[in-house]
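Take a look at the letters that make up each chain.
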Amino acid sequence: MLPIVVIGAGPAGMLAAGRAAECGVPVRLLEKNQMPGRKLLITGAGRCNITSAVDLDTFIGQFFGQGRFLYPALQTMYREELLDLLARHGIRCQVDHQGKYFPVTGQSSDVLLAMLHYGQKQGVQLMTDCAVQSIQRVQDHFEILSSQGTVLAGAVILTTGGMTYPVTGSSGDGYRLAAQLGHSIVPPRPALAPFVVKQTYIQNLAGLSLPDVEVRLVQPGKKPVAGRGDLLLTHKGVSGPVILRLSRELSGSADVHINLVPSFARPALIAAILTVFNQNGRTHIKNCLDSFLPHRLVTPLLTAAGIDPDRMAAQAGRRIAEQIAQAISDWTLTVTGTQGIHIAMVTAGGVALREINPASLESRLVPGLYFAGEVLDLDGDTGGYNLQAACSTGYLAGQSAAAALLSHLRNDR
Ligand SMILES: Cc1cc2nc3c(=O)[nH]c(=O)nc-3n(C[C@H](O)[C@H](O)[C@H](O)COP(=O)(O)OP(=O)(O)OC[C@H]3O[C@@H](n4cnc5c(N)ncnc54)[C@H](O)[C@@H]3O)c2cc1C
């Protein structure tokens, strides 16, 4: 029997290979890097947020309108099944207060070891330094041209990932390979990417974290979009979950309007600032706003809004309080773009879902060709959604490809 060949040893590929082999077929896993799972290692800042505590429907809702495609894969393997598989292969995970699951050791390398162990136990043959250049369907099998020569396959599972962080090996090869086989590719673009802003004073604020803020993204000719969550200031602009989530909506330049105190209505905020002024008359205003925003941000924010931070509170009347309220609840930054595909966490776009059967993840165009993971036109929010989706689709693709191959074999007898 010709093996199932899985192309790309990220989480989707490792689970696809492991599951196909577990179902009783020979499997080869081809990886162009010297080692598998390089992107997995940098996930969750090296801690690997592997999945989320949310229920299935909430999970589906985190995929920006495309999540329904994932139902069959998630019904085959959701959180408990994934956590159980990892535990059986050496690593237990625990949930944090935000509902994010991480390995108990806090090391993504332990998740990688568990996924590799799964494949090894089932007899998957891993070939590293093996970059796939082309795939051809020839009669009832595939010919795969790789940097290590031609590999024959009874079925192919393409799990080459997206094209963000290309240094990890995920550089968009899968789109080219899929297109060669006749598949449509929804143009890939960065998602979950930090914004670059024009205001240079932001550099001095890098590392400052602003919890639970409201952000409105306003772009010329487009309906504004808003989000709420934690924001992080970087050397070049803004990041953090609320920004990453909005980044897939950015198509050029834009303004972000940040409300640092979303729980305050404007009149209540003005009244609260006036109260603080009255209680601290002999203090510079820059030193009495700490209950509204981090101290490090006060002077740059007031200066940018044209307010003298060294004015005494006693001299600052209602008009200044109104200006400060405006600055705090509508801090506006000019976005010049995202930090780009090389730094985005996931790729939006990819192999068009309408050409793939979600129940098996087999191509509707090329029998015997399967897809899983980020190479698909699927991208989820931050919070463990993308890794769970990669694992679930990998697992289902491996299972479906093995079942189809075994059934062909039985029919041929
Ligand atoms: C910095 C960062 C942090 C992240 N953190 C999280 C997180 O905490 N939680 C979460 O859910 N998601 C996270 N993600 C997203 C997540 O890592 C990806 O969605 C996930 O890795 C996709 O898995 P995959 O198996 O589809 O592809 P990948 O992990 O990208 O793996 C694809 C593999 O295919 C190989 N390959 C590519 N082309 C070829 C070829 N021609 N021949 C052979 N092999 C090839 C690549 O080398 C690579 O090893 C993060 C992403 C980044 C960049």
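Just so it is clear, the structure is predicted and the values come from calculations on it, not from any experiment.

1. Some remarks on the overall build of the protein chain
When helices and strands are tallied, the protein chain shows twelve helices and 21 strands. Across its three principal axes, the protein chain shows a C-alpha extent of roughly 95 × 40 × 35 Å. Taken across its 413 residues, the protein chain has 47% of its residues classed as buried. In the protein chain, the share of contacts with a sequence separation of at least 24, taken over all contacts with a separation of at least 6, comes to 73%.

2. Some thoughts on the domain arrangement of the protein chain
Once the domains are mapped, the protein chain shows domain 1 (4-190 + 347-412) and domain 2 (194-339). Here the C-alpha centre of domain 2 lies 41 Å away from the C-alpha centre of domain 1. In this assembly, six residues from domain 1 lie in contact with six residues from domain 2. Grouping the amino acids of the side of domain 1 that touches domain 2 by side-chain chemistry returns three nonpolar, one polar and two charged.

3. Some words on the sheet that holds strand 9 (residues 149-153)
A sheet is described by the order of its strands in space; here three strands give the open sequence 7-8-9, paired in antiparallel fashion. In this open sheet, the two edge strands, each paired with only one partner strand, are strand 7 (132-138) and strand 9. Strand after strand, the sheet turns through a mean of 20° between neighbouring axes, direction not considered. Inspection of the sheet shows strand 7 paired to strand 8 (residues 141-146) by six bridges, in the antiparallel sense.

4. With respect to unusual backbone geometry
Of note in this structure, Cys48 is not a glycine but carries a positive phi near 65°. Phi at Asp212 is positive, roughly 50°, even though this residue is not glycine. Inspection of the secondary structure puts Asp212 in strand 13 (residues 209-218).

5. So, the packing of helix 1 (residues 11-22) against helix 12 (residues 385-412)
In contact at an axis separation of 7 Å, helix 1 and helix 12 are set at 30° when each is read in the N-to-C sense. As the angle between them shows, helix 1 and helix 12 are arranged roughly parallel. When you trace helix 1 past helix 12, the crossing you get is right-handed. Side by side, helix 1 and helix 12 meet where Pro11, Ala12, Gly13, Leu15, Ala16, Ala17, Gly18, Arg19 and Ala20 of the first sit next to Leu387, Ala390, Cys391, Thr393, Gly394, Tyr395, Ala397, Gly398, Gln399, Ala401 and Ala402 of the second. Residues that form the contact of helix 1 with helix 12 fall into these classes: 13 nonpolar, six polar and one charged.

6. Things to note about the sheet that holds strand 4 (residues 93-95)
Taken in spatial order, the three strands of this open sheet run 3-5-4, and their pairing is antiparallel. Two strands bound the open sheet, and with one partner strand each, they are strand 3 (51-52) and strand 4. As defined by bridge partners, strand 4 adjoins strand 5 (residues 100-103) across three bridges and the pair is classed as antiparallel. Along strand 5, the bridge assignment pairs Cys93 with Pro103.

7. Things to note about the pairing of strand 17 (residues 331-338)
In the sheet, strand 12 (residues 195-197) pairs with strand 17 via three bridges, with the strands oriented antiparallel. Its bridge partner lying in strand 17, Val196 is registered against Gly337. Bridge count for strand 16 (residues 254-259) against strand 17 is five bridges, and the pairing is antiparallel. Paired with Asp255 across the strands is Thr334, a residue of strand 17.

8. A look at the environment of Phe63
Note on placement: Phe63 falls in the loop between helix 3 (56-60) and helix 4 (71-76). Here Phe63 falls in the partly exposed class, since 18 other C-beta atoms lie within 10 Å of it. Considered as a pair, Phe63 and Gly380 are 317 residues apart in the sequence and their alpha carbons are 4.3 Å apart. Residues within four places of Phe63 in sequence aside, it is in contact with Leu70, Leu378 and Gly380.

9. Some points on the pairing of strand 8
Counted along the chain from strand 7 to the antiparallel partner strand 8, the turn is two residues long, and its residue Gln139 has a positive phi close to 50°. Joining the antiparallel neighbours strand 8 and strand 9 is a turn of two residues.

10. What about the nonpolar core?
Side chains that are nonpolar tend, in soluble globular proteins, to be buried together. With 74 residues, the main nonpolar core has Ile4, Ala16, Val156, Ile157, Tyr370 and Phe371 as its most contacted residues. Top contributing element to this core by residue count: helix 12, with eleven residues. Once residues lying within four places of it in the same chain are set aside, the contact partners of Ile4 are Ala20, Val25, Val27, Ala153, Gly154, Ala155, Ile157, Ala401, Ala402 and Leu405. Residues Ile202, Phe292, Leu301 and Val346 belong to the second largest nonpolar core, which totals 47 residues.

11. A word on helix 1
Between its first and last C-alpha atoms helix 1 spans 16 Å; for twelve residues at 1.5 Å apiece the expected length is 16 Å, and the two agree. By the criterion of burial, helix 1 is predominantly enclosed, with twelve of the twelve residues buried. Taken together, the buried positions of helix 1 are Pro11, Ala12, Gly13, Met14, Leu15, Ala16, Ala17, Gly18, Arg19, Ala20, Ala21 and Glu22. Just downstream of helix 1 lies Gly24, where phi reads positive at about 100°.

12. Thoughts on the site of the ligand
In the vicinity of the ligand there are 39 residues, among which Gly8, Gly10, Gly161, Gly169 and Gly373 approach most closely. Every element with two or more residues in the shell around the ligand is listed here: helix 1, helix 2 (38-42) and helix 12. Partitioned by chemical class, the residues of the shell around the ligand number 17 nonpolar, 16 polar and six charged.

13. Remarks on the environment of Arg311
Tracing the chain through its elements places Arg311 in the loop between helix 10 (295-304) and helix 11 (318-329). Separated by 28 residues in sequence, Arg311 and Thr283 place their C-alpha atoms 8.4 Å apart.

14. Details of the environment of Arg228
Following the sequence through the fold, Arg228 ends up in strand 14 (residues 225-233). Of the residues examined, Arg228 has 14 C-beta atoms within 10 Å and is grouped as partly exposed. Along the chain, Arg228 and Leu246 lie 18 residues apart, while their C-alpha atoms are 9.9 Å from each other. Residues in contact with Arg228, not counting those within four places in the same chain, are Asp212, Glu214, Val242 and Pro262.

Calculation rules
Residues numbered from 1 in each chain as written. Predicted model: local features only at pLDDT ≥ 70, side-chain atom pairs only at ≥ 80, totals over all residues. Helix = DSSP H or I, 4+ residues; strand = E, 2+ residues; numbered from the N terminus. Buried ≥ 20, exposed ≤ 12 C-beta atoms within 10 Å, placed from the backbone. Contact = placed C-beta atoms within 7 Å. Domains from an automatic or database assignment. Nonpolar A, V, L, I, M, F, W, Y, C, P; charged D, E, K, R; others polar. Pairing = 2+ DSSP bridges. Axes fitted to C-alpha atoms, helices over the stretch in contact; angles between N-to-C directions. Parallel < 35°, antiparallel > 145°, perpendicular 65-115°, else oblique. Left-handed = near helix turned anticlockwise from the far one by under 90°. Core = buried A, V, L, I, M, F, W, Y, C linked by C-beta atoms within 7 Å. Expected span 1.5 Å × (residues − 1). Near = placed C-beta within 6 Å.

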